[in-house]
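# A look at the structure
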Amino acid sequence: MAGVAHEINNPVGTCLTVASALELRTAAFAAEAAQGNLKRSRLNEFLNISREASSQLVANLNHAAELVQSFKQVASDRNYSDQRIFDLGSLTEQIAMSLRPGPGKKNLTVNVDCQSNLMMNSYPGPYGQVLTNLFLNSVVHAFPGGEGGIVDIKVKASGRDHVEILFSDDGCGMSLAVRRQASDPFFTTRRDQGGIGLGLHIVHSIVTNCLGGRINLDSEPGEGTRVQLVLPRVAPPALAA
């Protein structure tokens with residue numbers, strides 16, 4: 001909720017600033033008009049200011065409305081376990097938008113590159129949980145000191161019947177020993193800090209058992225981490241249970 005509030009605060013805060021300035025300008029203009037000494041140049045100036053302010057208000061309010069709709073859709077999908085048809089690129093953008101803000105992530109840049117018109121008949125909620133877990137894993141493990149970094153999410157078609165999601169970060173990476181155990185249940189390198197070691201295990205379980213796909217992990221110390229997901233466009237219904 002703190003992240004949502006932070007993200008929506010930007011366009012709403014801009015609207016408040018613009019509206020306050022317009023209120024003051026309108027009061028000054030009304031005072032001049034009441035005195036009967038209003039000049040045409042002042043009228044034109046006020047009209048230009050009003051047009052600019054109106055344009056900024058509409059743009060920022062539309063942006064705020066889009067953010068609210070995205071957060072509502074992501075929240076709905078996370079509570080929605082049924083199979084449905086959706087645009088993978090649009091859903092990925094919405095999920096990424098909900099991940100970008102938030103305390104402790106100010107120096108982390110999230111880039112999203114999605115191929116358009118990738119229609120899926122799958123499970124949006126579990127897919128969102130996969131991306132969220134991967135992102136949180138990067139925040140905690142790839143950038144342990146809170147330093148800045150980059151997370152890239154790329155979505156594209158893989159043949160006619162599958163899609164490929166590439167999730168990568170430029171963080172500290174993993175050793176071979178850690179990489180081999182990364183998906184094991186309860187394996188964690190941060191148990192002394194409260195880690196329980198279920199993040200990547202849950203990702204692996206959802207991808208293989210619910211979404212009917214496969215996952216590949218590639219990482220080297222100091223070279224970041226890359227996670228490849230290959231998912232069928234139509235999830236096998238038998239695996240949903």
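Preceding this section is the structure that the text describes.
All residue numbers refer to position in the chain's written sequence, counted from 1. Whole-chain, interface and lining totals are the exception, using all residues; otherwise, since this is a predicted model, local features are given only for residues with pLDDT of at least 70 and side-chain atom pairs are given and counted only at 80 or more. Working from all heavy atoms in the structure, the side-chain values ignore hydrogens and water.

## Let's talk about the nonpolar core
Quick reminder of the rule: As used here, the term nonpolar core means buried Ala, Val, Leu, Ile, Met, Phe, Trp, Tyr and Cys residues forming a set that is joined through side-chain atoms within 4.5 Å. Burial classes: relative accessible area under 20% of the type maximum marks a residue as buried, over 50% as exposed, and values in between as partly exposed (1.4 Å probe, protein chains only). Working definition: helices are DSSP H or I runs of at least four residues, strands are E runs of at least two. Numbering for both runs from the N terminus. Contacts: residue pairs with any heavy atoms within 4.5 Å of one another.
Leu-88, Tyr-127 and Ile-165 are the most contacted members of the largest nonpolar core, which has 37 residues in total. Of all the secondary-structure elements, those providing two or more residues to this core are helix 3 (88–99), strand 2 (108–114), helix 4 (124–142), strand 4 (149–158), strand 5 (162–169), helix 6 (199–210) and strand 7 (225–232). With sequence-adjacent residues up to four places away left out, Tyr-127 is seen in contact with Leu-88, Leu-91, Thr-92, Ile-95, Val-155, Ile-165, Leu-211 and Leu-231. Counting residues in each nonpolar core, the second largest holds five residues, with Cys-15, Val-18, Leu-22 and Ala-53 among its members.

## Considering helix 3
To keep things clear, this is the line we draw: Any helix carries an expected span of 1.5 Å times its number of residues minus one. The definition of a polar contact used here is a pair of N or O atoms within 3.5 Å, where within protein one atom must be able to donate a hydrogen and the other to accept one, and adjacent residues in sequence count solely through side-chain atom pairs.
Under the 1.5 Å per step criterion, the end-to-end length of helix 3 is 16 Å for 12 residues, consistent within 8% with the ideal 16 Å. The element helix 3 is extensively covered by neighbouring structure, given that nine of its 12 residues are classed as buried. Residues of helix 3 that are buried include every one of Leu-88, Gly-89, Leu-91, Thr-92, Gln-94, Ile-95, Ala-96, Ser-98 and Leu-99, and no others. Of the residues flanking the start of helix 3, the one acting as N-cap is Asp-87, its side-chain oxygen 2.9 Å from the backbone nitrogen of Gly-89.

## A look at the environment of Ser-219
Considering the arrangement of structural elements, one finds Ser-219 in strand 6 (residues 214–219). We classify Ser-219 as buried; its relative accessible area is 0%. Spatially, the C-alpha atoms of Ser-219 and Gly-171 are 9.8 Å apart, while their sequence positions differ by 48 residues. A distance of 2.9 Å separates the side chain of Ser-219 from the backbone oxygen of Gly-224, its partner in a polar contact. Polar side-chain contacts of Ser-219 include one of 2.9 Å to the side chain of Thr-225.

## Details of the pattern of salt bridges
For side chains bearing opposite charge, pairing can occur when the charged atoms are close. Under the convention used in this document: By definition here, a salt bridge exists when the distance from a side-chain nitrogen of Lys or Arg to a carboxyl oxygen of Asp or Glu is within 4 Å.
Counted by the stated rule, this structure contains five salt bridges. For Arg-25, the salt bridge is made with Glu-45, and the minimal N-O distance between the two is 3.6 Å. In this pair, Arg-25 is assigned in helix 1 (residues 2–35) and Glu-45 in helix 2 (residues 40–78), connecting sequence segments 20 residues apart. Judged by relative accessible area, which is 41%, Arg-25 ranks as partly exposed.

## A few points about the sheet that holds strand 7
To keep things clear, this is the line we draw: Strand pairing requires that DSSP identify at least two bridges connecting the strands. All axes are obtained by fitting lines to C-alpha atoms, using only the stretch in contact for helices, and the reported angles, taken between N-to-C directions, cover 0 to 180 degrees.
Taken in spatial order, the five strands line up as 2-4-5-7-6 in an open sheet, and their pairing is mixed. The sheet is open, and its two borders are formed by strand 2 and strand 6, each paired with just one other strand. Put simply, the sheet's adjacent strands are angled 10 degrees from each other on average, direction ignored. As defined by bridge partners, strand 2 adjoins strand 4 across seven bridges and the pair is classed as parallel. From the neighbouring strand, Leu-108 faces strand 4, where its bridge partner is Gly-149. Here helix 3 sits on the sheet and contacts strand 2, strand 4 and strand 5; the angle it forms with strand 2, its principal contact strand, is near 170 degrees. Along the sheet, helix 4 contacts strand 2, strand 4, strand 5 and strand 7; its crossing angle with strand 5, the most-contacted strand, is approximately 20 degrees.

## Concerning the packing of aromatic side chains
Note the following rule: Planes of paired rings set the category: under 30 degrees apart is stacked, over 60 is edge-to-face and the rest tilted, where pairs are Phe, Tyr or Trp rings (Trp by its six-membered ring) whose centres lie within 6.5 Å.
With the rule as written, the count across this model stands at one aromatic pair. With a centroid separation of 4.2 Å and 10 degrees between ring planes, the pair formed by Phe-29 and Phe-46 is classed as stacked. Placement of the pair is Phe-29 in helix 1 and Phe-46 in helix 2, with a sequence separation of 17 residues. For the pair Phe-29 and Phe-46, a shared accessibility class is recorded, and that class is buried.

## Some points on unusual backbone geometry
For Asn-117, which is not glycine, the phi torsion reads 60 degrees and is therefore positive. Here Asn-117 lies in the loop between strand 2 and strand 3 (119–122). Judged by relative accessible area, Asn-117 falls into the exposed class, the value being 61%.

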